[in-house]
Amino acid sequence: MNSRGILFRLSLFALTLTGLTAIVAPASAVRPDSSAVLSPVAFETINRPTPVMGADNRQHMVYELLVVNQSQLEIDIRKVAPRAEGNRLGQPLTGEKLAERMRVNAGTAGTILSAGGSATIFVDATYSPARKRPEFLNHAISIAWADPENPSEEVRSTFIGVSTEVPPMKPVVVAAPLRGTGWVAANGCCNLNAHRGATLAIDGTIRVPERFAIDFVQLSSEDRLFDGPLNDLTSYAYFGAPILSATSGRVVGLRRNMPEQVPGSLPAGATIQMAGGNYVVVRIAKNRYAFYAHMKTGSLRVRVGQKVKAGQVLGLLGNTGNTDGPHLHFHIMNSPSPLQSDGLPFVFKSFRGQGVVRNMEEIPSGTPADIGRELRGRYRNALPLENQIVRFGR
Ligand SMILES: [Zn+2]
């Protein structure tokens, strides 16, 4: 950074953070080393990522950055590039790609933060399994704004920072929670979708319990979700399919008697307390819990305190809680509370990939799935990716 750049940044802080001029003026006091850069935007990682092997044969580090514009200027986020050991991790997020993964909390599209604005960036930093697992990661970040003294001039700030540890943890290995063919991993990893986007501030702390959650729906032999009226549960052949415990463990939470919802639309007035409908929480190990949601009314076959084995039937697939069609919502989390927890990565011991649904937004209205040939084949210890079709068992 040249001295002109530094001056511009200092003037920015003097302009925007009135009263703090005295704090930023002795530049040496706030510059831990000669390359440090004052940034009007703060970035913070919400979670420390554990790498997980995806069905694309890449290791995925899935985490979110909370971004706060501390200035009174409009600031454009130009680049966020995850790095480890001085090298890039996956593709840098810029332009359209960044906009797709950045949710500006004011609701505006694009990568611009208004004065005082904030956003969440949903990162999926990937690397080849041949590469050494990183112990830390950081980011090359570039931001820009119009010079307040000369608005036709752009000021750009580029720095490397926002370091986080990659903890020495492994994904939870689980067995299949369902049997059979044609199960679609809807809202699965690793884009910004309904699961990942549920960055809930619970009691004032941001939680992303559904970071790796999957909504399993099953295609019929005609590659459809249902046959008959959309709003009739009996149209969905997989309604009532057995839900198997994906792990051994002990049941620590459940709900049994929520009524079925009418498929085709979300229930009105849903609360977070009823969102999971009928559910089971199984404690697998310390800080490791499995969550099975939206189960069929009265179908639970377990009680709290009961020990379960992998493959044991917990209950049946239903359409209870905050749901617009029968599905199994499955995720692994670090506490017994489905909301007040952090979503953790998991891998299925074994599954067969059967392609990818390309028209996911169309199939809930009855359109047959348009199936791409990607992600086919036998997988071991991998996480199915968003909209991948999987077969469990033989
Ligand atoms: Zn879900």
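Bear in mind the structure is a predicted one, so any value in this text is a computation, not a measurement.

1. What to know about the overall build of the protein chain
- Within the protein chain, the regular secondary structure consists of 3 helices and 27 strands.
- The C-alpha atoms of the protein chain give 23 Å as radius of gyration, which agrees with the globular expectation for 394 residues (21 Å, within 12%).
- Principal-axis analysis of the C-alpha atoms places the extent of the protein chain at approximately 70 × 45 × 45 Å.
- The buried share among the 394 residues of the protein chain stands at 39%.
- For the protein chain, the share of sequence-separated contacts (at least 6 apart) that also reach a separation of at least 24 residues comes to 71%.

2. Let's talk about the pairing of strand β13 (residues 180–186)
- By the bridge criterion, 3 bridges tie β13 to strand β27 (residues 388–392) in an arrangement that is antiparallel. By the bridge assignment, Trp 183 is partnered in β27 with Val 390.
- Bridging between β13 and strand β16 (residues 214–218) involves 4 bridges; their strand directions are antiparallel. Residue Ala 186 lies in a different strand from β16, and its bridge partner there is Asp 215.

3. Describing the domain arrangement of the protein chain
- Here the protein chain is described as being made up of domain 1 (3–165) and domain 2 (172–392).
- The partner domain 2 presents 22 residues to the 18 residues of domain 1 that form the contact.
- If you list the elements that add at least two residues to the side of domain 1 that touches domain 2, you get β2 (52–53), β3 (59–69), α3 (95–101) and β9 (118–127).
- It is β3 that contributes the most residues to the side of domain 1 that touches domain 2, 4 residues altogether.
- Class assignment of the residues belonging to the side of domain 1 that touches domain 2 gives a composition of 7 nonpolar, 5 polar and 6 charged.

4. Here we look at unusual backbone geometry
- Here the amide bond leading from Cys 189 into Cys 190 is cis, since omega sits at 15 degrees, within 30 degrees of zero.
- Relative to the assigned elements, Cys 190 resides in the loop between β13 and β14 (200–202).
- You will see that Asn 381, though not glycine, has its phi angle at about 50 degrees, which is positive.
- Within the secondary structure layout, Asn 381 lies in strand β26 (residues 371–382).

5. Description of the confidence of the model for the protein chain
- Scored by pLDDT, the protein chain has a mean of 91; 91% of the residues are at 70 or more.
- Under a pLDDT of 50 for its full length, residues 1–31 has, in the predicted model, 26 contacts with residues more than four places off or in other chains.

6. Looking at the nonpolar core
- Grouped together as the largest cluster of nonpolar side chains are 90 residues, with contacts concentrated most on Val 184, Phe 216, Ile 243, Phe 291, Tyr 292 and Met 295.
- Taken together, domain 1 (3–165) and domain 2 (172–392) each give at least three residues to this core, which thus spans both.
- In this structure, Ile 243 is in contact with Pro 177, Leu 178, Tyr 292, Met 295, Val 313, Leu 314, Gly 315, Leu 316, Leu 317 and Leu 328, ignoring residues within four places of it in sequence.

7. Considerations on the environment of Glu 260
- Relative to the assigned elements, Glu 260 resides in the loop between β18 (249–255) and β19 (278–285).
- Residues Glu 260 and His 294 lie 34 residues apart in sequence; the distance between their C-alpha atoms is 8.7 Å.
- Apart from the residues within four sequence positions on either side, Glu 260 is in contact with Leu 233, Thr 297, Gly 318, Asn 319 and Thr 320.

8. Things to note about the pairing of strand β4 (residues 75–84)
- Two elements, β4 and strand β8 (residues 112–113), share 2 bridges in a ladder whose sense is antiparallel. By the bridge assignment for β8, Ile 75 is matched with Leu 113.
- The sheet contact formed by β4 and strand β10 (residues 136–147) spans 7 bridges and is antiparallel. Bridge pairing in β10 places Ala 81 opposite Ala 140.
- As paired strands, β4 and strand β6 (residues 93–94) are joined by 2 bridges and run antiparallel to one another. By the bridge assignment, Val 80 is partnered in β6 with Leu 93.
- Across 2 bridges, β4 lies against strand β5 (residues 87–88) in antiparallel orientation. Bridge pairing in β5 places Ala 84 opposite Asn 87.
- Between β4 and β5, which follow one another and run antiparallel, lie 2 residues, and Glu 85 among them has a positive phi close to 45 degrees.

Scoring rules and cut-offs
Residues numbered from 1 in each chain as written. Predicted model: local features only at pLDDT ≥ 70, side-chain atom pairs only at ≥ 80, totals over all residues. Helix = DSSP H or I, 4+ residues; strand = E, 2+ residues; numbered from the N terminus. Rg over C-alpha atoms; globule rule 2.2 N^0.38 Å. Buried ≥ 20, exposed ≤ 12 C-beta atoms within 10 Å, placed from the backbone. Contact = placed C-beta atoms within 7 Å. Pairing = 2+ DSSP bridges. Domains from an automatic or database assignment. Nonpolar A, V, L, I, M, F, W, Y, C, P; charged D, E, K, R; others polar. pLDDT = per-residue confidence, 0-100. Core = buried A, V, L, I, M, F, W, Y, C linked by C-beta atoms within 7 Å.

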